[in-house]
Amino acid sequence: MTLAFLPADTPAIPLIAVAPDALDATLATLPQAQAAWARAAGFRGKGGEVLALPGADGGIAVALVGTGSDGERARGRFLVAQAAGRLPAGDYRLQGLEGAALEEAALGWLLASYRFDRYRKADPAPARLVAPAGIDAARIARIANAEALTRDLINTSPADMGPAELAAAAQALAAQHGARITVTEGAALARGFPLIHAVGRAAIPARAPRLIDMTWGDSGPLLTLVGKGVCFDTGGLDIKPASSMGLMKKDMGGAATVLGLAAMIMGEGLSLRLRVLIPAVENAVGSDSFRPQDVLTSRKGLTVEVNNTDAEGRLVLADALALAGEGEAGLTLSMATLTGAARVAVGPDLAPFYASDDADAAALAQAAAQVRDPVWRMPFHDPYEEMIEPGIADLDNAPSGGMAGSITAALFLRRFAPPRYVHFDIYGWQPKPAPARPKGGTGQGARAVFAALPALLGL
Ligand code: BES
Ligand code: MN
Ligand code: ZN
């Protein structure tokens, strides 16, 4: 589905955003009967509270939506956008907001209108929004559709989203934006990307492992995005219990998120050189599965002892990161649903990230707050390096004890990555509905990175 605003000249019902402390002043601008009705109905301007007000003909003359107090807005984002699902069906023109608050409301409105309808018809959001004036509505719509791409890819049944289908999705995106793309599989993958091959080789031939390599743009700074594309994670021979495997279609959430981010970058026509690397595999159980205690030699030459086949994400990412570091390096940024430990640490709403450079971390944190895509910096804590050094190989993919699980995974990746490196350990899933975020696949961190690019790359 395409998320879109109504054209700016569409006749529409005024929708006035009202802050609780501006309620009296706003009502004073309305005809007396409407103001009296709003008071009688108990409208207070709570975040996302809506009220439609009748005109003399009995139709809706104007509607109100609450912005919420500062405290409410600290506790939740996209509050105004809840109006998309709460107002009576109709076309609305938002008034009373500007700048970042207007952008948040407009983006949220489109994101609240997202439906995943591949397998079942879904009713559209009843209330539609006219493209707001004073902001770049076309840009907001591009960002919303990029996020919708991420959600669609994650939500798709794993039966319909194997490595081949993930590659096809990347190819479709590349074709849309004139990007170049190559996909390495078979003998060339086994030779050049031994860890990707080892993790993915137990899948049936139609779901064979592959490395997707997309490039776009021919001048400007180099940005390489690397996304974990584990299309289903059974855990491998160290098989997950049913309770942990249930959500593992989302283990390609990193890939889905970097593709969404790439869509934002290419759609905006930023002057940079973009590369997107996605190791796409299924971590399957079979007679050809890689085993606990296998020692594998990575593309970079570092040997890895497999101490848990369920720590497969860092293996496939390692070979992709090594490739990223082979030419000119630039800024490399990976996104991966890498560890359960990250979720224990920060929960589903925050995207934890690691950054080699303090300035990059600061730029990300600042942009994240501005676009309401919350992130939290975690440390590449050098003293824990010893935890990923087992003894008979250079590296251990799953240190015993499980302490600092997200940090040790990040340190593992850093061994393979170019020097200037940012890594997001995302969840990629909204566990229960929230404003503008229905239950299901969700992008995390992509909008923050997109907003930070001018600072990160000097654009
Ligand atoms: N895909 C999982 C991580 C995951 C689990 C992300 C649940 C989000 C929700 C990953 O491949 C994995 O299984 N990691 C293991 C690593 C461990 C074996 C060292 C984990 O986190 O338990
Ligand atoms: Mn796993
Ligand atoms: Zn995984």
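Data block above holds the structure.
So, here's what we can say about the structure.

Quick notes on the rules
Residues numbered from 1 in each chain as written. Chains lettered and ligands numbered in written order. Predicted model: local features only at pLDDT ≥ 70, side-chain atom pairs only at ≥ 80, totals over all residues. Heavy atoms only, no water. Helix = DSSP H or I, 4+ residues; strand = E, 2+ residues; numbered from the N terminus. Rg over C-alpha atoms; globule rule 2.2 N^0.38 Å. Buried < 20%, exposed > 50% of the residue type's maximum accessible area, 1.4 Å probe, protein only. Contact = heavy atoms within 4.5 Å. Lys, Arg positive; Asp, Glu negative; His and termini not counted. Charge placed at Lys NZ, Arg CZ, Asp CG, Glu CD. Donors = N, O, S within 2.8 Å, 3.2 Å for Na, K, Ca; no water. Tetrahedral: all angles 85-135°; square planar, octahedral: opposite > 155°, others 65-115°. Pairing = 2+ DSSP bridges. Expected span 1.5 Å × (residues − 1).

Glancing now at the overall build of the protein chain. When its secondary structure is counted, the protein chain shows 16 helices and 19 strands. Over its C-alpha trace the protein chain gives a radius of gyration of 24 Å, about what one expects of a compact globule, namely 23 Å for 459 residues. With the C-alpha coordinates aligned to their principal axes, the bounding extent of the protein chain is approximately 80 × 45 × 45 Å. A burial count over the protein chain gives 55% of its 459 residues as buried. Nonlocal contacts in the protein chain, meaning residues at least 24 apart in sequence, comprise 77% of its contacts between residues at least 6 apart. Computed over 41 positive and 46 negative side-chain charges, the separation of the two mean positions in the protein chain equals 4 Å.

A word on the coordination of the zinc ion (ligand 3). The protein atoms that coordinate the zinc ion (ligand 3) are K228 (NZ), D233 (OD), D251 (OD) and E312 (OE), at distances of 2.0 to 2.4 Å. Around the zinc ion (ligand 3) sit six donor atoms; with metal-centred angles ranging over 77 to 177°, the donor geometry is octahedral. Every donor residue of the zinc ion (ligand 3) comes from the same chain, spaced as K-x4-D-x17-D-x60-E. Distance-wise, the manganese ion (ligand 2) is placed 3.1 Å from the zinc ion (ligand 3), both being coordinated by D233. Here the residue K228 occupies a position in the loop between β8 (222–227) and β9 (229–233), and E312 occupies one in the loop between β12 (303–305) and α12 (313–324), the gap between them amounting to 84 residues. The burial state of K228 is the same as that of E312; both residues are buried.

The next subject is the pairing of β9. For β9, the tally of buried residues reaches five of five residues, placing the bulk of the element in the interior. Two elements, β9 and strand β10 (residues 273–283), share four bridges in a ladder whose sense is parallel. Its bridge partner being in β10, F232 is matched across the sheet by E282.

Turning to helix α11 (residues 253–268), a few remarks are in order. Across its 16 residues, α11 extends 22 Å between first and last C-alpha, which sits within 8% of the 22 Å expected from 1.5 Å per residue. Counting buried residues along α11, 14 of its 16 residues qualify, which places the element largely inside the surrounding structure. The first or second residue beyond α11 is G269, which carries a positive phi of 65°.

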